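# Analysis of the macromolecular model
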Amino acid sequence: MAEDHLPAAVEAILLVAEEPLSPELLAQLVGSTPLEIEALCGDLAAQYEAEGRGFVLKRVAGGYRYQTAPEQTPYVERYVLEGQSSRLSAAALETLAVVAYKQPVSRNQIASIRGVNVDGVVRTLQVRGYIDEVARDPGPGQAVLYGTTPAFLERMGIDSVSALAPLGEFFPAAEVVEALERGLHVVPEDELFDDPPPTGEIDETGGVDGG
Amino acid sequence: MAEDHLPAAVEAILLVAEEPLSPELLAQLVGSTPLEIEALCGDLAAQYEAEGRGFVLKRVAGGYRYQTAPEQTPYVERYVLEGQSSRLSAAALETLAVVAYKQPVSRNQIASIRGVNVDGVVRTLQVRGYIDEVARDPGPGQAVLYGTTPAFLERMGIDSVSALAPLGEFFPAAEVVEALERGLHVVPEDELFDDPPPTGEIDETGGVDGG
Amino acid sequence: MERSEQERKTTGVNATHCSFRSRSRLVPMPYEVQTSVFEGPFDLLLHLILKQQVELYDVNLSEIVDAYLQQIEAMERRDLEVATEFLLIAATLVELKTRRLLPEDSAVELDDELGLWEERDLLLARLVECKVFKDAAAVLHSLSADAARSYPRRVGPVEDHFIGLAPDLLRNTTLEDLRAAYGRATAPKPVARVDLSHVNPIKITVAKVVGELVEELPRHGRTTFRQITSELVDRIEVVVYFLALLELFKRGIVELEQSQTFGDITIVWQGGWQGGVWQAGVWQGGAVETVAVTGIDDYEG
């Protein structure tokens with residue numbers, strides 16, 4: 001059967017996964033076999049059910065993912081409806097604006113423009129139905145390209161993205177934005193973070209952030 | 001104690017939350033009290049730990065959230081390839097320390113403590129969301145005053161700034177102060193020791209935000 | 001205590017080093033200062049005092065000032081404020097040092113004396129405060145390192161069922177808001193900096209000036225500080241000349257006279273100077289390398 005560390009390792013990976021993970025991928029990540037992973041995930045799912053947990057481990061679309069337990073749906077709905085702030089965060093709005101004006105655009109391009117990791121925000125916007133995958137970058141890597149949805153246009157009360165407020169000349173020239181997109185950093189600020197801590201007082205070990 | 005359905009309801013809501021959820025919000029959503037929620041979350045966290053789960057329930061930035069167990073980091077990082085963002089430089093950390101302990105604090109005050117211009121680093125920290133403008137100095141000039149954000153607490157993995165060790169604990173050991181004093185002394189050694197140590201001055205500059 | 005452990009860590013900095021010009025034999029531990037590492041004057045002074053236990057009287061101050069000048073020189077962004085801070089601290093150090101070189105009975109106003117004490121205490125207080133936050137920052141570093149080992153779940157609701165439930169978060173957002181948000185997102189986010197390209201980099205060091213003065217002063221025999229600094233433009237250069245002069249005074253190479261506070265300082269050459277070699281025997285290393293111009297490398301405070 002599964003070695004000791006495997007169930008916890010699988011639980012940890014599944015917790016942060018944004019999509020269902022196949023037994024093959026999981027096996028590769030934790031050093032096991034797909035068969036073993038399937039048995040293990042079956043065990044975990046049974047445990048959660050037996051313990052009456054609020055989450056379930058479900059096999060969906062060829063992989064495993066955590067979902068809320070069906071019995072808890074009313075509470076989850078209440079959270080989704082009431083729990084979150086009733087307007088987009090500044091980060092989400094900026095990301096949405098970049099997608100609206102630059103579509104189709106990849107996550108990496110958005111991240112380069114905004115200077116921060118945007119995975120969470122993109123996901124939120126997608127879940128909200130304001131943006132969606134519209135194409136694949138033909139280049140290497142075939143990055144997913146995002147664009148705004150009809151629902152977005154409807155919410156904003158416009159027919160098409162061409163009806164968006166025009167960008168005045170005080171906005172950065174196209175070349176600047178393109179340079180940003182390509183990931184040419186606006187150096188100095190990033191240096192502050194990417195350099196090793198300059199004094200010995202700050203221990204360098206483990207200085208990687210999980211944001 | 002907690003009713004039967006509460007733990008599972010809380011688990012379900014936390015599973016779909018994208019940020020730490022306060023006991024108050026959770027209590028409101030599941031029909032309970034913050035105190036009860038705190039006890040319940042404490043129980044859940046203890047259960048997960050006892051069962052050696054790959055996830056933990058942690059109190060961070062004033063709320064609860066699921067995160068991966070530290071022991072599973074190597075496996076998680078195999079999956080979360082791009083999760084590693086930049087580390088904080090010494091300059092960034094020192095500035096954060098000043099803001100965390102002295103907030104609300106102006107840029108000039110930070111600069112005066114650190115002895116360097118901090119405009120760049122303050123701006124970067126603000127862009128990264130670790131600090132933000134929290135007020136305006138009521139005095140002349142109406143300087144912007146900065147404070148730390150929930151994102152800062154999340155980054156540090158702490159519940160609130162009060163969880164930081166009191167600043168007094170970082171007061172240099174007597175030998176260090178003595179070395180500094182000797183380094184700056186004006187009069188011959190023997191006279192030096194007749195003089196009262198200048199701790200009064202330190203308290204003054206240390207305790208009050210010296211503009 | 002934990003503190004001293006951190007001190008040791010700091011001593012063990014291991015990036016690019018830049019050794020001091022001086023090859024002094026009086027200072028047993030030749031110390032090295034990292035260039036481009038010290039972020040500010042406190043950083044540097046803390047390092048100098050704590051690592052080398054620099055005692056301002058025994059160890060030469062001019063080396064410290066040179067270190068400051070080197071720092072200003074090495075600064076990648078020539079930042080006027082930072083440079084000023086460096087100079088301010090250097091000036092305070094100079095004043096402290098001066099006080100200790102001057103005879104006790106010199107007419108020092110009580111107010112001046114108190115003012116100096118205040119300045120010293122203020123500097124000490126600022127150093128201590130700076131140190132406090134450095135140590136606090138070290139704790140933040142380990143906190144964030146620990147926190148980085150745990151990845152939060154930020155997946156949100158995954159089932160399609162929940163997606164339609166979300167309230168319309170855009171209901172208060174106008175097209176103008178969206179345009180403004182785009183502007184914020186694409187703003188180049190420049191770092192404000194002062195263009196100081198017109199300011200000449202400081203090339204002067206105490207060692208260099210001592211060398212120059214040793215060559216120059218014998219020709220004058222008796223001159224004044226105002227005289228020898230009359231050609232100088234930058235205040236920093238005057239400070240350096242003053243330091244160099246103090247150094248010569250300390251070694252008995254010159255006598256200094258000042259009849260009144262803020263009055264001009266008269267410089268009287270005392271030493272002998274023959275054939276390019278300093279004769280008083282205090283100019284160590286002079287025999288190895290002919291002094292005057294190359295004296296830069298041999299100077300020790």
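Residues numbered from 1 in each chain as written. Chains lettered and ligands numbered in written order. Predicted model: local features only at pLDDT ≥ 70, side-chain atom pairs only at ≥ 80, totals over all residues. Heavy atoms only, no water.

Looking only at helices and strands, chain A has 10 helices and five strands in total. Counting over 211 residues, chain A shows a buried share of 46%. Contacts spanning at least 24 positions in sequence make up 45% of the contacts within chain A whose residues lie at least 6 apart. Carbon and sulfur atoms make up 52% of the accessible area of chain A, which totals about 9900 Å². (Helix = DSSP H or I, 4+ residues; strand = E, 2+ residues; numbered from the N terminus. Buried < 20%, exposed > 50% of the residue type's maximum accessible area, 1.4 Å probe, protein only. Contact = heavy atoms within 4.5 Å. Areas by Shrake-Rupley, 256 points an atom, 1.4 Å probe, with all protein chains shown as cover.)

What follows deals with helix α2 (residues 23-30) of chain B. In terms of residue burial, α2(B) counts as a mostly covered element, since six of its eight residues are buried. When we look at burial in α2(B), the residues that qualify are Pro23(B), Leu25(B), Leu26(B), Ala27(B), Leu29(B) and Val30(B).

Next up on the list: the pattern of salt bridges. Here the structure, examined in full by the defined rule, presents 17 salt bridges over all chains. Here Arg59(A) and Glu38(A) are joined by a salt bridge, their closest N and O atoms 3.2 Å apart. Of the two residues, Arg59(A) sits in strand β1 (residues 55-60) while Glu38(A) sits in helix α3 (residues 34-51), which places them 21 residues apart along the sequence. Overall, Arg59(A) belongs to the partly exposed group, its relative accessible area being 42%. Between Arg53(A) and Glu11(B) there is a salt bridge, and its shortest N-O distance comes to 2.9 Å. With Arg53(A) in the loop between α3 and β1 and Glu11(B) in helix α1 (residues 5-16), this residue pair bridges two chains. Note on accessibility: Arg53(A) and Glu11(B) belong to one class, buried. (Salt bridge = Lys/Arg side-chain N within 4 Å of Asp/Glu carboxyl O.)

Below, the discussion takes up the packing of aromatic side chains. Across all of its chains, the model carries 12 aromatic pairs over all chains by this definition. A centroid spacing of 4.9 Å and a plane angle of 45° characterise the contact between Tyr101(A) and Tyr182(C), whose relative ring orientation is tilted. Of this pair, Tyr101(A) sits in helix α5 (residues 90-102) while Tyr182(C) sits in helix α7 (residues 175-186), each in a different chain. Taken as a pair, Tyr101(A) and Tyr182(C) share a single burial class, namely buried. Pairing Tyr48(B) with Phe55(B) gives two aromatic rings, centres 5.0 Å apart and planes at 80°, and the pair type is edge-to-face. Across the pair, exposure class does not vary: Tyr48(B) and Phe55(B) are buried alike. (Phe/Tyr/Trp six-rings, centres within 6.5 Å; stacked < 30°, edge-to-face > 60°.)

Before going further, it helps to spend a moment on the nonpolar core. Formed by 51 residues in total, the largest nonpolar core has its most connected members in Val10(A), Leu26(A), Tyr79(A) and Val10(B). Examining the composition of this core, we find that eight residues originate from one element, α1(B), more than from any other. When sequence neighbours within four positions are dropped, the list of residues in contact with Leu26(A) reads Val10(A), Ile13(A), Leu14(A), Leu21(A), Ile37(A), Cys41(A) and Tyr64(A). Ranked by size, the runner-up nonpolar core spans 48 residues in total, among them Ala61(B), Val98(B), Ile158(B) and Leu46(C). (Core = buried A, V, L, I, M, F, W, Y, C linked by side-chain atoms within 4.5 Å.)

Residues and elements named next belong to chain A. Strand order in this open sheet of three strands is β3-β5-β4, and the pairing throughout is antiparallel. Taken across any chain shown, the strands that pair with only one partner, and hence form the sheet edges, are β3 (105-106) and β4 (131-136). Bridge count between β3 and strand β5 (residues 144-148): two bridges; the pairing is antiparallel. Counterpart to Ser106 in the pairing with β5 is Leu145. Those strands touched by helix α7 (residues 119-128) are β4 and β5, and its axis lies near 105° from that of β4. (Pairing = 2+ DSSP bridges. Axes fitted to C-alpha atoms, helices over the stretch in contact; angles between N-to-C directions.)

Residue and element names in this part refer to chain A. When pLDDT is averaged across chain A, the result is 78; 73% of the residues are at 70 or more. Considering each helix and strand of chain A separately, the mean pLDDT is smallest for helix α10 (residues 187-194), with a value of 38, and largest for α3, with 96. Within the model, pLDDT remains below 50 along residues 183-211, and this stretch shows 82 contacts once partners closer than five positions in the same chain are excluded. (pLDDT = per-residue confidence, 0-100.)

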